[in-house]
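Examination of the molecular architecture
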Amino acid sequence: MRIPKVKRQEKLRETIEETPFITDEELAKKFDVSIQTIRLDRMELSIPELRERIKTVAKNQWNETVKSLPIEDVIGEIIDLELDKRAISILDIGKEHVFTRNNIARGHHLFAQANSLAVAVINDELALTAKSVLNFKRQVLQGERVVAKAFVQGESEKGLSIVQVDSFVESEKVFSGEFHMYRSTDKKENLS
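One numbering rule holds for all chains: residues counted from 1, following each sequence as written. Selection of residues for local features in this predicted model requires a pLDDT of at least 70, selection of side-chain atom pairs for listing and counting requires 80 or more, and totals for whole chains, interfaces and linings are taken over all residues. The side-chain values count all of the structure's non-hydrogen atoms but skip hydrogen atoms and water molecules.

Each helix and strand counted, the protein chain has five helices and six strands in total. Here a strand is any run of E in DSSP of at least two residues, a helix any run of H or I of at least four, and the numbering for each starts at the N terminus. Each helix and strand of the protein chain, ordered N terminal to C terminal, gives the series α-α-α-α-β-β-α-β-β-β-β. Note on exposure labels: buried denotes an accessible area under 20% of the residue type's maximum, exposed denotes more than 50%, and partly exposed covers the range between, all computed with a 1.4 Å probe on protein chains only. Burial statistics for the protein chain: of 192 residues in total, 44% are counted as buried. If you sum the accessible surface of the protein chain, you get close to 11,000 Å²; carbon and sulfur atoms cover 50% of it. Only the protein chains shown count as cover for residues, with accessible areas throughout obtained via the Shrake-Rupley method and a probe of 1.4 Å.

For salt bridges, the criterion is a side-chain nitrogen of Lys or Arg within 4 Å of an Asp or Glu carboxyl oxygen. For the coordinates displayed, the defined rule picks out twelve salt bridges. Taking the shortest distance from any N to any O, the salt bridge between Lys-5 and Glu-44 comes out at 3.1 Å. With Lys-5 in helix 1 (residues 5–18) and Glu-44 in helix 3 (residues 35–44), this pair connects stretches of sequence that are 39 residues apart. Among the residues examined, Lys-5 registers a relative accessible area of 40% and is labelled partly exposed. Looking at Glu-44, the relative accessible area reads 48%, which means it is partly exposed. A single network of salt bridges, built from pairs that share partners, joins Asp-24, Arg-39 and Arg-42.

What follows concerns the pairing of strand 1 (residues 77–82). At least two DSSP bridges between two strands are needed for those strands to be called paired. Both strand 1 and strand 2 (residues 86–92) contribute to a ladder of five bridges, which runs antiparallel. In the strand pairing of strand 2, Leu-81 is matched with Ala-87. As consecutive antiparallel partners, strand 1 and strand 2 are separated by three residues, and within that stretch Asp-84 has a phi angle of approximately 60°, a positive value.

Right, let's talk about the sheet that holds strand 3 (residues 127–136) for a bit. The sheet built from six strands is open, its strands ordered 1-2-4-5-6-3 with antiparallel pairing. On the outer flanks of this sheet lie strand 1 and strand 3, each paired with one strand and no other. The mean angle between the axes of side-by-side strands here comes to 20°, regardless of whether they run parallel or antiparallel. Relative to strand 6 (residues 172–183), strand 5 (residues 161–169) is paired through nine bridges, and the arrangement is antiparallel. Bridge pairing links Gln-164 to Glu-178 in strand 6. Axes here mean lines fitted to C-alpha atoms, for a helix over just the part in contact, with angles spanning 0 to 180 degrees between N-to-C directions.

The next subject is helix 1. By definition here, a helix of n residues has an expected span of 1.5 Å times n minus one. Between its first and last C-alpha atoms helix 1 spans 20 Å; for 14 residues at 1.5 Å apiece the expected length is 20 Å, and the two agree. Among all positions of helix 1, only Arg-8, Gln-9, Leu-12, Thr-15 and Ile-16 are buried. In a view along the axis of helix 1, the buried residues occupy a sector of 125°, so they form one face of it. Within helix 1, the exposed residues directed more than 90 degrees away from the buried face are Val-6, Glu-17 and Glu-18. Note that the arc is computed from the directions linking the helix axis to the C-beta atoms.

For our purposes a nonpolar core is just a set of buried Ala, Val, Leu, Ile, Met, Phe, Trp, Tyr and Cys residues, chained together by side-chain atoms within 4.5 Å. Judged by nonpolar contacts, the single largest core of 31 residues is most densely connected at Val-140, Val-163 and Val-165. Contributing elements (two or more residues each) for this core: strand 1, strand 2, helix 5 (107–120), strand 4 (145–155), strand 5 and strand 6. When residues in this core are grouped by element, the largest group, six residues, is from helix 5. Counting ten residues, the second-largest nonpolar core is a separate cluster that includes Leu-12, Ile-22, Val-33 and Leu-45.

As a further point, take the packing of aromatic side chains. When the centres of two rings from Phe, Tyr and Trp lie within 6.5 Å, Trp using its six-membered ring, the rings pair. Their planes under 30 degrees apart give stacked, over 60 give edge-to-face, and anything left gives tilted. Scanning the model with the defined rule gives two aromatic pairs in all. Between Phe-111 and Phe-179 the ring centres are 6.0 Å apart and the planes differ by 35°, which places this aromatic pair in the tilted class. Remark: Phe-179 occurs in strand 6 and Phe-111 occurs in helix 5; sequence separation between them is 68 residues. Residue Phe-179 is classed as buried on the basis of its relative accessible area of 0%.

Have a look at this one:
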């Protein structure tokens, strides 16, 4: 049984306020209506599309800015950042990220999202990856959203910052990487 329009729009507003990163497709399934109906409801309620909601949340939550690379060089959308502590980014896997034959995401896109997040979380003008240990847990498909979470773990014996990045599709871990990061302010400037 369909919910009346006014009630649906009220529930839509509540759902988006609680989960700002929910897609129109997910909302359409939740409310058992077409994607176009969701888009029309959002327009009537003056609720921006997902990409704009992500940017708004990011601007409201960030208390710092990326220093180590231009924001446009980060793969995915950074939605949370606390330099030298943690960062989160989102990458929606589109047609340009997958093999045409099977719609499986190319691994270098998952790596690039994780690596650029590891660089972005470093509080320095220069941050470079000296070493990484990677583990691809499962294939990621076109249409899936990858949420990467980076945490600065401390320093290695060589003075490199260690950043752990785990990537998820919904709650399932799909990628894990440990990145040893050189920074220009390291006391020991050894990349080996």
